[in-house]
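So you can see what is in the structure, the chains are spelled out below.
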Amino acid sequence: MYSSIPSHLPNLPVYQKALEILFLSHRISLYFIPDLNYLKQDGKEDNSIYFTGDIIQQSNSLVPEIVEAERKSFSEERQEHLLSISRLTSVIDKNCERLESINSNGKDFLPILRDEIKKFRQLQHVWVLTL
């Protein structure tokens, strides 16, 4: 997947949870796309469809940030990646909130993703203390 991943990384709960969030984001997006992939009467697309892509892209960025934080030797270098992880989880959560107001079957699965994000934040807190 990534070059020079520390050997202990796949065993870290925070890494595993980031992969779960990525998987869930992809699956939830598949429910939203058919409901949002249409043109409005004025010929414009529903802008909400972009939130599904944003969630996938942001979820996809979690794993590399974790890898980079683990690879850095100095706490100052790690801090940059840790802040990025915090920002990403906040933005994913915010985009989930935006999608909850959309008329789609996919919104039924957003609470699951948001719960996983909460669990991730708890794991992240413990993980940061071990760095």
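All of these numbers come straight from a predicted model, not from anything done at the bench.

Enquirer: Please set out empty space enclosed by the protein residue by residue, giving values where relevant.
Expert: Any space left empty among the atoms is revealed by the rolling of a water-sized probe across them. Within the structure shown, the criterion is met by 1 cavity of 30 Å³ or more. Every residue along the wall of the largest cavity is listed here: Ser-25, Ile-28, Ser-29, Thr-52, Ile-55, Leu-99, Leu-110 and Leu-113. Counting only elements with at least two residues in the lining of the largest cavity, the list comes to α1 (13-36), α2 (49-71) and α4 (110-130). Broken down by element, the residue count for the lining of the largest cavity peaks at 3 residues, all from α1. Of the residues that constitute the lining of the largest cavity, the class distribution is 5 nonpolar, 3 polar and no charged.

Enquirer: Can you tell me about helix α3 (residues 75-99), naming the residues and giving the values?
Expert: Helix length check: α3 (25 residues) gives 36 Å between terminal C-alpha atoms against 36 Å at 1.5 Å per residue, within 8%. Buried residues of α3: Arg-78, His-81, Leu-82, Ser-84, Ile-85, Leu-88, Thr-89, Ile-92, Asp-93, Asn-95, Cys-96 and Leu-99, and no others. Residues of α3 that are buried in the fold lie against α1, α2 and α4.

Enquirer: Can you tell me about the environment of Ser-61, naming the residues and giving the values?
Expert: By the secondary structure assignment, Ser-61 is in helix α2. The sequence separation of Ser-61 and Leu-22 amounts to 39 residues, and the corresponding C-alpha distance is 8.9 Å. Side-chain polar atoms of Ser-61 contact the backbone oxygen of Gln-57, separated by 3.1 Å.

Enquirer: Tell me what's going on with α4, and back it up with residues and numbers.
Expert: Between its first and last C-alpha atoms α4 spans 30 Å; for 21 residues at 1.5 Å apiece the expected length is 30 Å, and the two agree. Looking at α4, one finds that the buried residues are Leu-110, Leu-113, Arg-114, Glu-116, Ile-117, Phe-120, Gln-124 and Trp-127. In an axial view of α4, the angular spread of the buried residues amounts to 150°, which keeps them on one side of the axis. Exposed and oriented more than 90 degrees from the buried face of α4 are Lys-118, Gln-122, His-125, Val-126 and Leu-129. Close packing links the buried residues of α4 with α1, α2 and α3.

Enquirer: Describe the side chain of Ser-59, with residues and values.
Expert: Structurally, Ser-59 is set in helix α2. For Ser-59, a relative accessible area of 0% puts it in the buried group. In contact with Ser-59, not counting residues within four places along its chain, are Ile-21, Leu-22, Ser-25 and Ile-92.

Enquirer: Can you break down the nonpolar core residue by residue, with the values?
Expert: Among soluble globular proteins, nonpolar side chains are generally buried collectively. Among the nonpolar cores identified, the biggest contains 29 residues, and Tyr-15, Phe-32, Leu-62, Ile-66, Leu-113, Phe-120 and Trp-127 are the most heavily contacted of them. At 8 residues, the largest contribution of residues to this core is made by α1.

Enquirer: So what's going on with the packing of α3 against α4? Residues and values would help.
Expert: Relative to each other, α3 and α4 sit at 165°, their axes nearing to 10 Å. Put simply, α3 runs roughly antiparallel to α4. For α3 against α4, the interelement crossing comes out left-handed. Across the interface between the two elements, Leu-82, Ile-85, Ser-86, Thr-89, Ser-90, Ile-92, Asp-93, Cys-96, Glu-97 and Leu-99 from α3 touch Leu-110, Leu-113, Arg-114, Ile-117, Phe-120, Arg-121, Gln-124, Trp-127 and Val-128 from α4. Taken together, the residues of the contact of α3 with α4 sort by class into 11 nonpolar, 4 polar and 4 charged.

Procedures and definitions
- Residues numbered from 1 in each chain as written.
- Predicted model: local features only at pLDDT ≥ 70, side-chain atom pairs only at ≥ 80, totals over all residues.
- Heavy atoms only, no water.
- 1 Å grid on protein atoms, 1.4 Å probe; cavity = no way out; pocket = protein on both sides within 12 Å on 5 of 7 lines; lining within 4 Å.
- Points joined across faces, edges and corners; volume = space filled by probe spheres on them.
- Helix = DSSP H or I, 4+ residues; strand = E, 2+ residues; numbered from the N terminus.
- Nonpolar A, V, L, I, M, F, W, Y, C, P; charged D, E, K, R; others polar.
- Expected span 1.5 Å × (residues − 1).
- Buried < 20%, exposed > 50% of the residue type's maximum accessible area, 1.4 Å probe, protein only.
- Contact = heavy atoms within 4.5 Å.
- Polar contact = N/O pair within 3.5 Å; in protein donor to acceptor, adjacent residues only side chain to side chain.
- Arc of directions from axis to C-beta.
- Core = buried A, V, L, I, M, F, W, Y, C linked by side-chain atoms within 4.5 Å.
- Axes fitted to C-alpha atoms, helices over the stretch in contact; angles between N-to-C directions.
- Parallel < 35°, antiparallel > 145°, perpendicular 65-115°, else oblique.
- Left-handed = near helix turned anticlockwise from the far one by under 90°.

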